[in-house]
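Each chain, letter by letter, is given below.
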Amino acid sequence: MVNEPRRGVGKKRMAFLRAYAQEKGCSLYGALLENLDHPMIQSSDAASFVTLLKAYEDHEGMKMSELLSHLLTESGYMKMLKQLGDGDRLDNIAELLQSLEEYETSAGEDCTLEDFLSEVALFTDRDREDRKDSVKLMTVHNAKGLEFPHVIVASLNEGVFPSRKTDTAERMEEERRLCYVACTRAEKTLTLTEAAGVSHEGTARYPSRFLFEMGKEHLNYLVELDPAWEGEARRYIRSTQRRMAPPQDPLAPGVRVEHALFGKGTVLEVEKDQQCVVIRFDSGRERTIRFDGPIRIL
């Protein structure tokens, strides 16, 4: 953690500290303390790191959540994550702070950092024991790049996968790509499930269009779909597909536009690579105008 965020204590300086610690039989932190004035370490920002740790060696009277908040801020760690835009780690930190606050509330004022760490270690050991015969539950995004012998993709229903928030052809294509990612994580077997009945909103639960797109000949159904229900599902899917037809390019050939300087005209050609359009104005002139130029669609 000495170089998170960067303080100039890279591989060479760490190698120096490790060699010193091994020779003297001390910890890495001890090696750092004894070499703050060494030319190898002096040119780094290690001194500020030591100052930070010493300031909180005696944290009696501080709540653990306060201690963590101070360390995260004053060490520059939170600032580093925000600059990196690392939302996952920021979320993890927020969850850790919340668990600390909840532990403080349940354990009372006498709880210590050691107590909390002991409890965390206990749960971690339990989790490690329970993983011998278990399944991994994850989102499709988190499964990218991974493979498993057996994969189950749950809730292949319209409104779930694809999401009911999918309102454009582009977003539907992204959902379809995610479904492909999910299915191709399987090495040996792939199980696809969909739920019957109605949703919590009272609407019918139709099978996902992705199931139909895979083709019956490629699937082994444990429970066959009722033909009437399948027909209703397909009609529903066609109706939603029509509603999300891809919008026409607003600057397509034939579209009437108005330019702040040249007046009204008609788009002749769209040059997307050049980010511009060719317009024949009512005056008879033809001009090439950039997309971000002063033009308005009529």
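Please read all numbers here as calculations on a predicted model, not as lab measurements.

Moving on to the overall build of the chain. Along the backbone of the chain there are 12 helices and 7 strands. The C-alpha atoms of the chain give a radius of gyration of 31 Å, which is well past the 19 Å a tight globule of 298 residues would have. The dimensions of the chain, computed from C-alpha atoms along their principal axes, are 85 × 65 × 40 Å. The 298 residues of the chain split such that 27% are buried. When contacts within the chain are restricted to residue pairs at least 6 apart in sequence, long-range pairs at least 24 apart make up 49% of them. On the chain, roughly 20800 Å² of surface is accessible, and the fraction owed to carbon and sulfur atoms is 52%.

What follows is about the sheet that holds strand 7 (residues 295-297). Strand pairs in the sheet, formed through backbone hydrogen bonds, run parallel or antiparallel to each other. Spatial ordering of the open sheet is given by 6-5-4-3-7, a layout of 5 strands whose pairing is antiparallel. Edge strands, defined here as strands with exactly one partner in the open sheet, are strand 6 (286-290) and strand 7. Along the sheet, successive strands turn relative to each other by an average axial angle of 40°, direction set aside. In this structure, strand 4 (residues 263-271) lies alongside strand 5 (residues 276-281), joined through 6 bridges in antiparallel fashion.

Looking at soluble globular proteins, one finds that nonpolar side chains tend to be buried together. Ranked by internal contacts, the top residues of the largest apolar core, which has 13 residues, are Val 151, Val 153, Leu 156, Phe 161, Met 172, Cys 179 and Phe 210. Within the residue set of this core, elements represented by two or more residues are strand 1 (148-153), helix 10 (169-183) and helix 11 (209-214). Considering every element that reaches this core, the biggest residue donor is helix 10, with 5 residues. Setting aside anything within four residues of it in sequence, one finds Met 172 in contact with Pro 162, Thr 166, Arg 209, Phe 210 and Met 244.

What follows covers the environment of Ile 279. Looking at where Ile 279 falls in the secondary structure, it is placed in strand 5. Placed 15 residues apart in sequence, Ile 279 and Lys 264 show a C-alpha to C-alpha distance of 9.3 Å.

For the structure on display, the rule yields 12 salt bridges. Where Glu 173 meets Arg 176, a salt bridge forms, and the shortest distance between an N and an O atom there is 3.0 Å. You can see Glu 173 and its partner Arg 176 sitting in helix 10, 3 residues apart, about one turn around the helix. Residue class for Arg 176 comes out partly exposed when judged on its relative accessible area of 23%. The partner of Glu 230 in a salt bridge is Lys 216, and the shortest N-O contact between them spans 3.7 Å. With Glu 230 in helix 12 (residues 227-243) and Lys 216 in the loop between helix 11 and helix 12, this pair connects stretches of sequence that are 14 residues apart. On the basis of relative accessibility, which here comes to 44%, the residue Lys 216 falls in the partly exposed class. Bridged by salt links that share partners, the residues Lys 216, Glu 224, Glu 230 and Arg 234 form one connected network.

Moving on, we get to unusual backbone geometry. The bulk of non-glycine residues show a negative phi, and the bulk of peptide bonds are trans. At the junction of Glu 4 and Pro 5, the peptide bond is cis and its omega measures out at 0° in the coordinates. Among the secondary structure elements, Pro 5 is positioned in the segment before helix 1 (11-24). Even without a glycine there, the phi angle at Ser 155 is positive, about 60°. Here Ser 155 is to be found in the loop between strand 1 and helix 10.

A contiguous patch of negative charge on the surface is contributed by Glu 57, Asp 58, Glu 60, Glu 114, Asp 115 and Glu 119. With respect to the helices, strands and loops of the structure, Glu 114 is situated in helix 8 (residues 113-130).

Let us look at the packing of aromatic side chains. All told, the structure shown has 5 aromatic pairs when counted by the stated rule. Ring centres 4.7 Å apart and planes at 25° place the aromatic pair Tyr 206 and Tyr 236 in the stacked group. Residue Tyr 206 is found in the loop between strand 2 (186-192) and helix 11, and its partner Tyr 236 is found in helix 12; the two are separated by 30 residues along the sequence. Among the residues examined, Tyr 236 registers a relative accessible area of 32% and is labelled partly exposed. Geometrically, the ring pair formed by Phe 262 and Phe 281 is tilted, given 5.4 Å between the ring centres and 50° between the ring planes. Here Phe 262, found in the loop between strand 3 (256-259) and strand 4, pairs with Phe 281, found in strand 5; they are 19 residues apart in sequence, far enough to count as distant. The structure contains a cluster of three or more aromatic residues connected by ring pairs, namely Tyr 206, Trp 229 and Tyr 236.

Another aspect to go through is the packing of helix 6 (residues 77-84) against helix 7 (residues 87-107). Close contact between helix 6 and helix 7 brings their axes to 8 Å; oriented N to C, the two are set at 145°. Counting all contacts with helix 6, which are made through Tyr 77, Met 78, Leu 81, Lys 82 and Leu 84, the residues of helix 7 involved are Arg 89, Leu 90 and Ile 93. Of the residues in the contact of helix 6 with helix 7, the class split is 6 nonpolar, no polar and 2 charged.

The rules we used
- Residues numbered from 1 in each chain as written.
- Predicted model: local features only at pLDDT ≥ 70, side-chain atom pairs only at ≥ 80, totals over all residues.
- Heavy atoms only, no water.
- Helix = DSSP H or I, 4+ residues; strand = E, 2+ residues; numbered from the N terminus.
- Rg over C-alpha atoms; globule rule 2.2 N^0.38 Å.
- Buried < 20%, exposed > 50% of the residue type's maximum accessible area, 1.4 Å probe, protein only.
- Contact = heavy atoms within 4.5 Å.
- Areas by Shrake-Rupley, 256 points an atom, 1.4 Å probe, with all protein chains shown as cover.
- Pairing = 2+ DSSP bridges.
- Axes fitted to C-alpha atoms, helices over the stretch in contact; angles between N-to-C directions.
- Core = buried A, V, L, I, M, F, W, Y, C linked by side-chain atoms within 4.5 Å.
- Salt bridge = Lys/Arg side-chain N within 4 Å of Asp/Glu carboxyl O.
- Patch = residues over 30% accessible without salt bridge, like charges linked within 9 Å, V, L, I, M, F, W, Y side chains within 5 Å.
- Lys, Arg positive; Asp, Glu negative; His and termini not counted.
- Charge placed at Lys NZ, Arg CZ, Asp CG, Glu CD.
- Phe/Tyr/Trp six-rings, centres within 6.5 Å; stacked < 30°, edge-to-face > 60°.
- Nonpolar A, V, L, I, M, F, W, Y, C, P; charged D, E, K, R; others polar.

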